[in-house]
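Spelled out from the first residue to the last, the chains are:
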Amino acid sequence: MTTLFPETMTAVEIAAPGGPEVLRPARRPRPQPGPGEVLIQVVAAGVNRPDTLQRQGKYAPPPGVSDIPGLEISGTVAACGEGVERWQIGDRLCALVAGGGYAEYCVAPVVQCLPVPGPLSLVEAAALPETLFTVWTNVFERGRLVAGESLLVHGGASGIGTTAIPLATARGALVFATAGSREKCAACERLGAVRAIDYRQEDFVAVLRDLTQERGVDVILDMVGGDYLTRNLEVLAVEGRLVQIAFLKGARVELDLYPIMQKRLTLTGSTLRPRTIAAKGAIAQALEREVWPLLEAGRFKPLIHATYPLEQAAEAHRVMEASEHIGKLVLVVPS
Ligand SMILES: NC(=O)c1ccc[n+]([C@@H]2O[C@H](COP(=O)([O-])OP(=O)(O)OC[C@H]3O[C@@H](n4cnc5c(N)ncnc54)[C@H](OP(=O)(O)O)[C@@H]3O)[C@@H](O)[C@H]2O)c1
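Residues numbered from 1 in each chain as written. Predicted model: local features only at pLDDT ≥ 70, side-chain atom pairs only at ≥ 80, totals over all residues. Heavy atoms only, no water.

## Notes on the side chain of Ser270
Note the threshold: To qualify as a helix, a DSSP run of H or I must reach at least 4 residues; to qualify as a strand, a run of E must reach at least 2; elements of each kind are numbered from the N terminus. Between N or O atoms, a polar contact is any pair within 3.5 Å; within protein, one atom must be a potential hydrogen donor and the other a potential acceptor, and residues adjacent in sequence are included only when both atoms are from side chains. Contacts: residue pairs with any heavy atoms within 4.5 Å of one another.
Checked against the element boundaries, Ser270 lands in the loop between strand 13 (266–269) and helix 9 (277–290). Here the side chain of Ser270 touches Asn138 through a polar contact of 2.7 Å, side chain to side chain. Once residues lying within four places of it in the same chain are set aside, the contact partners of Ser270 are Thr137, Asn138, Arg142, Gln244 and Ile245.

## Some remarks on the environment of Arg49
Topologically, Arg49 is positioned in helix 1 (residues 49–55). Through-space distance from the C-alpha of Arg49 to that of Met320 is 7.2 Å; in sequence the pair is 271 residues apart. The contacts of Arg49, once residues within four sequence positions are left out, are Leu248, Met320, Glu321, Ser323 and His325. Among the polar contacts listed, one links the side chain of Arg49 to the backbone oxygen of Met320, at a separation of 3.0 Å. In this structure the side chain of Arg49 is engaged in a polar contact, spanning 3.1 Å, whose partner is the side chain of Ser323.

## Focus: helix 11 (residues 313–321)
Filter applied, for reference: The buried label applies to any residue whose accessible area, calculated with a 1.4 Å probe on protein chains only, is under 20% of its type's maximum; exposed applies above 50%, and partly exposed to all values in between.
Taken as a whole, helix 11 has its buried residues at Ala313, Ala314, Ala316, His317, Val319 and Met320. Elements in contact with the buried residues of helix 11: strand 1 (8–14), strand 2 (23–29), strand 3 (37–47), helix 1, strand 14 (304–309) and strand 15 (328–332). Two residues or fewer past helix 11, Ser323 is found with a positive phi of approximately 50 degrees.

Take a look at the structure:
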């Protein structure tokens, strides 16, 4: 590999666990790509809710992973480690990383890198990996959603939700969503949801029972947890699948087992970050085969709420934790 790069770089580090103000620009050593890795000169980095949990000290990086936050990036290949054949220096790509994305340079396992879809900018591409890997593996692999079935997406205006809605719609599902304001619901419907429910004004169980003539929905993607569990079980159809990806309203709940037996329901879920590189590589392959053609054809693209210079990561976290955004927040590295 070549070494024509600065030995240090600007990164945004977590000075100590705490509020957004603990995110501070710092000088860090530039990472080196190992075998099977590429060094990426980062153009943009997506911001995800798990980054805010890491900043608060509630979501430690897996062993051996950079303490710098940031789970998805786009940019150009700056150097290739041993055994990397697919990418050349200068290629544009986006990548899922287990950490280290809020920086000028980041290394990524080659199997977690994907090309930038033709119609998308590098800023848009930075908003793809964390959400698409999560949505694909949870909605389509674990949730087994197929064309003609129905999907309920809680948190429809989130980064995850604004990806799940158009992707499931493009793959032929009937999509419903919940969100916390009329404006957010309108955005979900523009993305393809046949009906978005303002959970502050309406009871999603009652609305969906009515809309589905008491049948219920086939798959639910839930990040809320808490008292949503019972209501989710109520609104699932026979053979329905509940996929849990977070628990914003709490992880500990009382569960009535009867609806699970009566309707032959499946309760599942997953976390992405601790999974093996091989598992993430398998998801990347499925995405390239099943989802990249939709992005290439312009069938959907990430909804970017706002961009911030890398050094203003704290402001992006403030906006995210206030849930002011609709879609994705992206940090841009000054060129
Ligand atoms: N399991 C995994 O592999 C995985 C991977 C990535 C992300 N996640 C999780 O997925 C979730 C979404 O991530 P993201 O990056 O897309 O975050 P995000 O854009 O910040 O979205 C979070 C959403 O949650 C909603 N919300 C917040 N508190 C709520 C509450 N008490 N009840 C109902 N809704 C609430 C907010 O919308 P409203 O204004 O509509 O309430 C907001 O749109 C996060 O919880 C994250 O930790 C899981």
